[in-house]
Amino acid sequence: MSVKTVICVLWAVSVGQTAGSQHGPNIIIMLMDDMGWGDLGVFGEPSKETPNLDLMAAQGMLFPNFYTANPLCSPCMCCFWACLYLSITMSLFGILAYCCLLHITVCCGKTLCDLSCSYGDAVMELDDSIGQILAHLVSLGIHNNTLVFFTSDNGAAVMSGPHQSGSNGPFLCGKETTFEGGMREPAIAWWPGRIPAGTVSHQLASVMDLFSTSLSVAGVLPPDDRVIDGLDLSPVLINNSLLDRPIFYYRGNQMMAVRIGQYKVHYWTWSNSWEEFNTGINFCPGQEVPGVTTHTQEEHTMQPLIFHLGQDPGERYPISVQSEEYQDVHRQVTAVVEQHQKDLIPGMPQLNMCDLAVMNWSPPGCEQLGKCLKPPESNPWKCVWPH
Ligand SMILES: [Ca+2]
């Protein structure tokens, strides 16, 4: 079986930067595709396949409580494009933006079609590349003026099987779900001389914060004609401050859960449909939790499921609704959710277009196999996504 891992690396590099420059810092954001929290040696991956990322964490700040904005690729990527789009209007910055979609055809040094390699091989290639990028920054002498942030767009796609996907460590389920395995991501910030080396921040943080943070470290004010959901993490990066904030877990337009402090409160639960599950697709293989990893969309609005992620990172043991702890958390989170719903301005969906012409009619290598199909005429229509 071949492994196809896609990495999207977004670079925002200020032009003409040299050591000791008076201009704003360079900012590099590295966004991995489907890499899981548990894939990094520094988070406990036993085969230690990420020495460069582990070194990056040792030289920078590790975020064990970092979240994506959505457990699927595209909505998460949008945060970054929005960030870059606004960034290129900045007068202080010259921006070079590259999106490198690197199908890891290089792993094992062969082409993808006849490739036999594991997810671990792809991770090792990726880790090596990141080591080279950081070393290059040092060799250019611009490392003290460059913020590098590493994270992933969603959790590991555990439905693909143990050798074809990454690890979400102790967390429940994976990609496409709003359980921790789908939304909690590995994250490292690196900026020698500014971010204290070897630090761990327990800040609840989100990929959306990278926009506000990038503006802040560049000395640019955010636009004031809209609500910005991300926080400026620069006090966290520089002073290891802790900012009080909730994390909202969305699947499509539905707010599924909220985290405040160590508590996670599920208003809805869903893994995938029975229909899909019965075809052999399991978003939570070996991790079914009755009443939690449900195959129908279950509403718990009146009596949400509450977990203490510090004591129960796998979301297996809901806190008793009779307990004082439950009542306290429920009271607190209700106020947070009411405020959130009051402030929320729904956006217009922009990713609900389908077009048969852009589907994978001609996968790489199909010519050799004689199995290429001719795509139909482009005829996009508005379609409904189930999540
Ligand atoms: Ca992804």
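Residues numbered from 1 in each chain as written. Predicted model: local features only at pLDDT ≥ 70, side-chain atom pairs only at ≥ 80, totals over all residues.

If you look the chain up in an unreviewed UniProt entry, it shows as N-acetylgalactosamine-6-sulfatase-like from Sinocyclocheilus grahami. Under the UniProt heading Sequence similarities (unreviewed entry), the note attached to the chain is "Belongs to the sulfatase family." The annotation that UniProt attaches to the chain under Cofactor (unreviewed entry) is "Ca(2+)". (UniProt positions renumbered as here; feature names shortened; annotations may be inferred.)

Draft legend 1. Main features of the sheet that holds strand β13 (residues 263–266). The strand order across the open sheet formed by four strands is β11-β12-β13-β16, and the pairing between neighbours is antiparallel. Only two strands of the sheet have a single partner each, and these edge strands are β11 (247–251) and β16 (305–308). Direction aside, neighbouring strands of the sheet carry axes that sit 20° apart on average. Of the pairings in the sheet, the one linking β11 to strand β12 (residues 254–260) comprises five bridges and is antiparallel in character. Each residue of the ladder has a partner; that of Tyr-250, found in β12, is Met-255. Each of β11, β12, β13 and β16 touches helix α8 (residues 324–343); the most contacted strand, β12, lies at about 125° to it. (Pairing = 2+ DSSP bridges. Helix = DSSP H or I, 4+ residues; strand = E, 2+ residues; numbered from the N terminus. Axes fitted to C-alpha atoms, helices over the stretch in contact; angles between N-to-C directions. Contact = placed C-beta atoms within 7 Å.)

Draft legend 2. Structural view of the environment of Lys-374. Here Lys-374 shows up in the loop between α9 (366–369) and β18 (381–382). The sequence separation of Lys-374 and Ser-362 amounts to 12 residues, and the corresponding C-alpha distance is 7.7 Å.

Draft legend 3. View of the nonpolar core. If you look at the biggest cluster of nonpolar residues, it comprises 69 residues, and the most contacted ones within it are Phe-150, Ile-188 and Ala-189. Ranked by residue count, the leading element in this core is helix α3 (residues 119–140), at six residues. A domain split of this core shows at least three residues from each of domain 1 (6–243) and domain 2 (254–343). Apart from the residues within four sequence positions on either side, Ile-188 is in contact with Leu-53, Met-56, Ala-57, Gly-60, Leu-62 and Phe-150. (Core = buried A, V, L, I, M, F, W, Y, C linked by C-beta atoms within 7 Å. Buried ≥ 20, exposed ≤ 12 C-beta atoms within 10 Å, placed from the backbone. Domains from an automatic or database assignment.)

Draft legend 4. Broad picture of the sheet that holds strand β7 (residues 184–185). The strand order across the open sheet built from three strands is β7-β4-β10, with neighbouring strands paired in mixed fashion. Single-partner strands in this sheet number two, and they are β7 and β10 (205–206). The pairing of strand β4 (residues 66–67) with β10 spans two bridges and is classified as parallel. Note on β10: the bridge partner recorded for Phe-66 is Ala-205.

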